[in-house]
Amino acid sequence: MLDPVLLRGQLADTAQRLRDTRGFEVDVAALEALEAERKTIQIRTQELQNLRNTRSKAIGVAKAKGKDVSALMVEVSGFGDELKASEARLAEIQQAFADIALRVPNIPHASVPKGADEKANVEVRRFGEPPRFDFKPKDHAELGARKGWLDAESASKLSGARFTVLRGELARLHRALAQFMLDLHTGEHGYLEVNVPLLVQPSAMQGTGQLPKFEEDLFSTDTGGIKRYLIPTAEVSLTNLVADTIVEADALPLRMTAHSMCFRAEAGSYGRDVKGMIRQHQFEKVELVSIAAPEQSYEEHERMTRCAEVVLEKLGLPYRRMLLCTGDMGFGATKTYDLEVWLPAQDTYREISSCSNCEAFQARRMQARWRNAATGKPEPLHTLNGSGVAVGRALIAVMENYQQADGSIRVPEVLRPYMGGAELIA
RNA sequence: GGAGAGGUGGCAGAGUGGUCGAAUGCGCCGGAUUCGAAAUCCGGUUUACGGGUCUCCCGUAACGUGGGUUCGAAUCCCACCCUCUCCGCCA
């Protein structure tokens, strides 16, 4: 959520900025009308509440002294209806304001290039060279099918489209990747390992911004009459850990990592990446989340992105870092770097990580604050999240980049300790 | 799933209809005392929102959550959620 000040006093300017950067249209007329009424209604409501409180106290005092209170009672009943109506109207207005405000995206940082879609993203850096093969490289689906390692048919029988069954050495390699990433981030990058719930309440989804706007992207359950959502990323669980809390300044930045399942409905992506395990309803990811003081969040963003890059570098996977343009960023982000890994079979780079600074956007939604020593007051934190990295896609990248002519796959050196020392899976 | 107990400020813990945003203790901050410290004493110490004459003042709201009763609710009623203990079941 944007700072309410931007949606009240500086509405015209804010609307212009959202239009320029994201092509998003705020309902200016509706917000203006609500704000105009809100002010008078709120003042009147509080006036009446004050009146009621003072009169009620007076009744209490009079009764204690054994005096007659009937005159006071009549006076109070005179404005009871108006108070009730006024309170109800105020609640309506505040709800209506929130309904709009919760659907307004974040405003991009000044360093973000303007653009409508991914074509305007800017390559920032590049690591490694795409491998050369003296044979035609196979895609991961084909490599996986050879030994029954990767079984889309069985998965489809069990669960339908966009699921995968992994078996044997490939399943182990997948597990090795997750372990390696987790060990790297906890051991060398200073992140605290956290194991999180995969099912969360609607309030958590609203906190990180999936709700109310993107419900169709989520899986949910209402078992026992309780609505819960499956997390699309551990960012939801990790970030919401600081919801409704005030973090002391010396605890910042708070760096947390989690290996988790992620669930995405992938609504609207029919026909895209249908082959193999690039786009699944269920996948694993090692997530990084940083909770930072405002003045350190952009530095933290660079650091976090580096932590994700190190994963790919240690795995020996070629990648490039893209700075997303204003039109291609997620709902809550002010600045995002995507890491794209080289996939030989597709002859292109594909997203494997996305690192975003959300500034106070999520923190405001979830009441996550820190105590600013300079002001002595609780102020919204900055939250950041990044994939460090997507495990399924990392598996694909390793398979395709490390494949041999016979369809066997070399094991990247850093993964061998997790593979019983194996140099090759065949 | 069955039986019981309970949810109050950073923590512990009083408070069963009226000046209670809430005693007391601990913690924390400031001050006094001290050569310094401990101890002791004094004062202060929640958050959100709104208004203003906007480094301060005023108001409103918040005692698990949501409703209800009442002139007035931490306190009474209803529903729900959560925690703990015992039993059952269970990875």
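Residues numbered from 1 in each chain as written. Chains lettered and ligands numbered in written order. Predicted model: local features only at pLDDT ≥ 70, side-chain atom pairs only at ≥ 80, totals over all residues. Heavy atoms only, no water.

Topic: the protein's contact with RNA strand B
- What surrounds RNA strand B is a group of 20 residues, the closest being Arg8, Gln49, Asn50, Ser56 and Arg369.
- When atoms of RNA strand B within 4 Å of the protein are split into backbone and base, the sugar-phosphate part holds 67%.
- At 2.6 Å, a side-chain N or O of Gln49 approaches a sugar or linking oxygen of RNA strand B.
- Within the side chain of Lys63, a nitrogen or oxygen atom sits 3.1 Å from a base oxygen of RNA strand B.
- For the surface near RNA strand B, the secondary structure elements donating two or more residues are helix H3 (28–64), helix H4 (70–77) and strand S14 (368–372). (Near = heavy atom within 4 Å. Polar contact = N/O pair within 3.5 Å; in protein donor to acceptor, adjacent residues only side chain to side chain. Helix = DSSP H or I, 4+ residues; strand = E, 2+ residues; numbered from the N terminus.)

Points about the state of the cysteines
- Applying the stated criterion to the full structure yields zero disulfides.
- Of all cysteine sulfurs, the one in Cys358 lies closest to Cys325, which takes part in no disulfide; the gap is 17 Å.
- By relative accessible area, which is 0% here, Cys325 ends up buried.
- Of all cysteine sulfurs, the one in Cys307 lies closest to Cys355, which takes part in no disulfide; the gap is 8.8 Å.
- A relative accessible area of 0% means that Cys355 is categorised as buried. (Disulfide = S-S within 2.5 Å. Buried < 20%, exposed > 50% of the residue type's maximum accessible area, 1.4 Å probe, protein only.)

Some points on the sheet that holds strand S13 (residues 348–357)
- Reading across from one edge, S1-S11-S12-S13-S16-S10-S9-S4 is the order of the eight strands in this open sheet, with mixed pairing throughout. Of all the strands in the sheet, just strand S1 (122–127) and strand S4 (192–193) have a single pairing partner and so form its edges.
- Note: S1 against strand S11 (residues 319–323), five bridges, orientation antiparallel. The residue bridging Phe127 from the neighbouring strand is Tyr319, located in S11.
- Sitting on the sheet, helix H11 (residues 297–315) touches S1, strand S9 (254–263), strand S10 (282–292), S11, strand S12 (335–343), S13 and strand S16 (382–390), and the angle it makes with S16 is about 5 degrees. (Pairing = 2+ DSSP bridges. Contact = heavy atoms within 4.5 Å. Axes fitted to C-alpha atoms, helices over the stretch in contact; angles between N-to-C directions.)

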